[in-house]
Structure formats: C-alpha cells, structure tokens
Amino acid sequence: MTLEIRTVGIIGAGQMGSGIAHVSALAGLDVVLNDVTTDRINTSLATINGTLARQVAKGTITEADRQAALTRVKGTPDAAGLGDCDLVIEAATESETVKVKIYGQVCPHLKPSAILATNTSSISITRLAAATDRPEKFIGIHFMNPVPVMQLVELIRGIATEDSTFDAARVYCGRLDKTIAVSEDFPAFIVNRILLPMINEAIYTLYEGVGTVESIDTAMKLGANHPMGPLQLADFIGLDTCLSIMQVLHEGLADSKYRPCPLLVKYVEAGWLGRKVKRGFYDYRGEKPVATR
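Residues numbered from 1 in each chain as written. Predicted model: local features only at pLDDT ≥ 70, side-chain atom pairs only at ≥ 80, totals over all residues. Heavy atoms only, no water.

1. Focus: the overall build of the protein
No. 1: A count of helical and extended segments in the protein gives 11 helices and 10 strands.
No. 2: The principal-axis extents of the C-alpha atoms in the protein amount to approximately 55 × 45 × 35 Å.
No. 3: Here the protein, with 293 residues, has 46% of them falling under the buried criterion.
No. 4: Residue pairs at least 24 apart in sequence account for 65% of intrachain contacts in the protein once pairs closer than 6 positions are excluded. (Helix = DSSP H or I, 4+ residues; strand = E, 2+ residues; numbered from the N terminus. Buried < 20%, exposed > 50% of the residue type's maximum accessible area, 1.4 Å probe, protein only. Contact = heavy atoms within 4.5 Å.)

Spelled out as structure tokens, the structure:
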C-alpha cells in the first residue's frame, strides 16, 4: 500500500530547501522546515514569501494561493519537530559526511512509516541509505534549481528501496506538477552526469586559452541555443558544488575524462564560488557582471 504524503519535512533552509518548501506548500501539503538556527529558517521563509509574491505579480498564482501556502509552512530548529512528517527530504550541502551526520540526528525522531529522501545531486543513494535505520524507505528525489521554475525531478532508487517508497515519491512529485526522470544509482545520475562534464570542458577551454569567459558563454548561448552560457551557469550552481560533483564522477567512475579542471580547483580554493559570494567566473559586485578572466 502506498503511503499518503500529507506533511513534508525539509532539512536545510538554503536555496534548494526553500524551493522544495515553496512548491510543496503551494501544492497543498503541510511543510516543516528544519535548519540549525531560527535565523536561517526566517531568511528562508522571507525568500519563499518573496518568490510567491513574484508569482502573484506575474499572474501564475493568486494572492489567496500565496497566503494559503504561507500558512502551511512552519519552521523548527529541532529534529524532533519532524516527528509527524510522512516524508522528510534532506537538502543539506553536497557532502556525504554532513548528510550521514544529519541522518544520525534525525532518524530517531521519525515515525516508523516515514520516508526519508535526499536531494543529493551526485552521491550514491545506496550508500546514504545504508547510513540510516530505514534503507527500504530511503530514496533520491533530486530537484533542479530553481525549484519553483524547473520542471524536472530525478527519482533514484537505492538497492534496498521498496516499490511502495518509489510509488509514494512518484505520487508526491506528480502532486507538485513535476515531470520525473527515473535514474539508476550511478554517480551524478542523468542530468549532472551529462551537464557537469560539459561545464568542466568549458572551464578547460578557458584554462587552455581557447576563448575568454565572454566568448565561451556567447558561443554556447548563440551557437548551441543554451539559455545561459556554461561559465555563467557554473557561477549560478556554485563552483564548490560543480567541483564536488566532478570529484564524485572522477572517483566513482575512475575515468580520466572526469578529472576536474585545475582552474576550477583554483577558483574554489580562492573562495570565488560564483553568484552566492559575488565572485566566480564573473564579478557580480557592480551594476552588471564583469568577466574575471
């Protein structure tokens, strides 16, 4: 029997967690947003409010929809606050150590029937599941960024994931009006397995002096009809996230074609991680972005 999901818990009130909370609340589900500090939760709630307001301004939702969605989201800085959730989605930073530590803190508070999911973009679902008390009720639900805009969700089963867990996750994604792509549990799944090596190759193209930041991005926007150039996209994703996914691919598949570009490593070491810190392949501190190379 498929578990009916009425209340969704979200661990991590960052960009992805806020987006997942937004679409879940808008779909009529109750949402419990968990993070280590109330400040981070309040910032997330303000972000959700702002994004909903923009949707009202565009006419995609009504003011009544916005207010109803906001009443469905509550925050908790304590893992015990997730105890009534039917589905809990971990949307913490892309680090296996961090995620496993979170599962250790959260699992004792979850009801036995609760499904635990991860929004990881690259890490083995089977391995993460093994670190929990419910591998058969564990699944990968990988949303794309920004969640309210992007149509796709990747669903990834671990080796132990039961059919009922997969079915409940699929129904949940359908309720959010998302399209699913089912991926096998291999490093970086489908989207990032294809996308990140392309971004890494664009960084190699810059590193080797084949083109400047602007010429590479213009070439791919106008020559391949991409909405955003690969270096601009890398800044949007976060260069630290790009590097961690390339490392997962390189280690997991042991193929030299996935070797992270040394220039990507250098930017991450410099702390130039992209838009979130206002510097990456572009400098975002002025009125308009300026290429840094």
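2. What to know about the pattern of salt bridges
No. 1: Throughout the structure, instances matching the rule amount to 12 salt bridges.
No. 2: Its salt-bridge partner being R157, residue D163 comes within 2.6 Å of it at the nearest N-O pair.
No. 3: The residue K276 makes a salt bridge to D240 at a minimum N-O spacing of 2.9 Å. Placement of K276 in the loop between α11 (262-270) and β9 (282-283) and of D240 in helix α10 (residues 239-253) is noted, with a sequence separation of 36 residues between them. (Salt bridge = Lys/Arg side-chain N within 4 Å of Asp/Glu carboxyl O.)

3. Considerations on the nonpolar core
No. 1: Counting residues in hydrophobic clusters, the biggest one holds 34 residues, and the most contacted among them are V8, I20, L87, I89, I141, F143 and Y172.
No. 2: Ignoring any residue separated from it by four or fewer positions in sequence, one finds F143 in contact with M16, I20, I89, N119, L152, V153, Y172 and L176. (Core = buried A, V, L, I, M, F, W, Y, C linked by side-chain atoms within 4.5 Å.)

4. Description of the pairing of strand β7 (residues 152-157)
No. 1: Judged from the 5 bridges that link them, strand β6 (residues 138-143) and β7 form a sheet pairing that is antiparallel. Across the sheet, F143 pairs through a bridge with V153, a residue of β7.
No. 2: Direction of pairing for β7 relative to strand β8 (residues 179-183): parallel, over a ladder of 5 bridges. Considered in β8, the bridge of E154 is made with A181. (Pairing = 2+ DSSP bridges.)

5. Some details on the side chain of N200
No. 1: Within the fold, N200 resides in helix α7 (residues 191-207).
No. 2: With sequence-adjacent residues up to four places away left out, N200 is seen in contact with M246, R259, P260, C261 and L264.

6. Some remarks on the sheet that holds β7
No. 1: Pairing within the open sheet is mixed, and its 8 strands lie in the order β3-β2-β1-β4-β5-β6-β7-β8. With partners counted over all chains shown, the strands left at the sheet margins are β3 (73-76) and β8, one partner each. The average angle at which neighbouring strand axes cross in this sheet is 25 degrees, direction not considered.
No. 2: Relative to the sheet, helix α1 (residues 15-26) contacts β1 (7-11), β2 (30-34), β3, β4 (87-90) and β6, its axis offset from that of β2 by approximately 165 degrees.
No. 3: Each of β2 and β3 touches helix α3 (residues 63-72); the most contacted strand, β3, lies at about 30 degrees to it. (Axes fitted to C-alpha atoms, helices over the stretch in contact; angles between N-to-C directions.)

7. Focus on the pairing of β6
No. 1: Of all 6 residues making up β6, 6 are buried, and the element is well covered by its neighbours.
No. 2: Across 3 bridges, strand β5 (residues 115-118) lies against β6 in parallel orientation. When the sheet's bridge partners are listed, L116 is paired in β6 with F138.
No. 3: Between the parallel pair β5 and β6, the chain is carried across by helix α5 (residues 125-130), and the sense of this crossover is right-handed. (Right-handed = clockwise from strand over helix to strand, strands pointing away.)

8. Focus: the packing of aromatic side chains
No. 1: Enumeration according to the criterion identifies 5 aromatic pairs in this entry.
No. 2: Where Y204 meets Y207, the ring centres are 6.1 Å apart and the plane angle is 70 degrees; that geometry is what we call edge-to-face. Highlighted residues: Y204 and Y207, both in helix α7, separated by 3 residues, approximately one helical turn.
No. 3: Ring geometry for Y267 against F281: centres 4.6 Å apart, planes inclined by 35 degrees, an arrangement best described as tilted. You can see Y267 sitting in helix α11 and its partner F281 sitting in the loop between α11 and β9, a full 14 residues away along the chain.
No. 4: According to the relative accessible area criterion, Y267 is buried, its value standing at 5%.
No. 5: Cluster of aromatic residues (ring-pair linked, three or more members): Y267, W272 and F281. (Phe/Tyr/Trp six-rings, centres within 6.5 Å; stacked < 30°, edge-to-face > 60°.)

9. Some details on α11
No. 1: L263, L264 and Y267 are the residues of α11 that are buried. All buried residues of α11 lie within an arc of 105 degrees about the axis, which places them on one face of the element. Facing away from the buried side of α11 by more than 90 degrees, the exposed set consists of K266 and E269.
No. 2: Each element contacted by the buried residues of α11 is listed here: α7 and α10. (Arc of directions from axis to C-beta.)

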